[in-house]
Amino acid sequence: MNAVRQATDAMGLITVATIHQPSKSIFGSFDDVLLLTKGGKMTYMGESGSPLLDHFSNLSNKSVPEQCNPADFCLSVLATMSP
């Protein structure tokens, strides 16, 4: 992902990638995130990092565990919600 990021940044392009449960380091390289749930329903579209984690923390009324993988945290919150 670093090579893709460097190449597209150098060319002034936008990268769109579909990644299922990325590692914490890969997730941290995203500027923006679009999360879809079952049936392709949009769950979140916006900035990665703190805004994303704050959103899911507010949905679940739980604090984000230290050293957690953001993708795992988001998935755990979504798993407890009904559509």
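As a reminder, the structure under discussion sits directly above these lines.
So, here's what we can say about the structure. (Residues numbered from 1 in each chain as written. Predicted model: local features only at pLDDT ≥ 70, side-chain atom pairs only at ≥ 80, totals over all residues. Heavy atoms only, no water.)

## Points about the pairing of strand β2 (residues 41-47)
Two elements, strand β1 (residues 32-37) and β2, share six bridges in a ladder whose sense is antiparallel. Looking at β2, one finds that L36 is bridged to M42. The loop that links β1 with its antiparallel partner β2 comprises three residues; one of these, G39, has a positive phi angle of about 80°. (Pairing = 2+ DSSP bridges. Helix = DSSP H or I, 4+ residues; strand = E, 2+ residues; numbered from the N terminus.)

## Overview of a nonpolar patch on the surface
Together, L34, L36, M42 and M45 line one region of the surface with nonpolar side chains, adding up to about 460 Å² of accessible area. Put simply, the parts of the chain that give the nonpolar patch at least two residues each are β1 and β2. (Patch = residues over 30% accessible without salt bridge, like charges linked within 9 Å, V, L, I, M, F, W, Y side chains within 5 Å. Areas by Shrake-Rupley, 256 points an atom, 1.4 Å probe, with all protein chains shown as cover. Salt bridge = Lys/Arg side-chain N within 4 Å of Asp/Glu carboxyl O.)

## Things to note about helix α4 (residues 70-79)
Taken residue by residue, α4 has P70, A71, F73, C74, V77 and L78 as its buried positions. One face of α4 carries all of its buried residues, which in axial projection span an arc of 165°. Buried residues along α4 sit against α2 (24-28), β1, β2 and α3 (50-60). For α4, the N-terminal capping position is held by N69, with its side-chain oxygen 2.9 Å away from the main-chain nitrogen of A71. (Buried < 20%, exposed > 50% of the residue type's maximum accessible area, 1.4 Å probe, protein only. Arc of directions from axis to C-beta. Contact = heavy atoms within 4.5 Å. Polar contact = N/O pair within 3.5 Å; in protein donor to acceptor, adjacent residues only side chain to side chain.)

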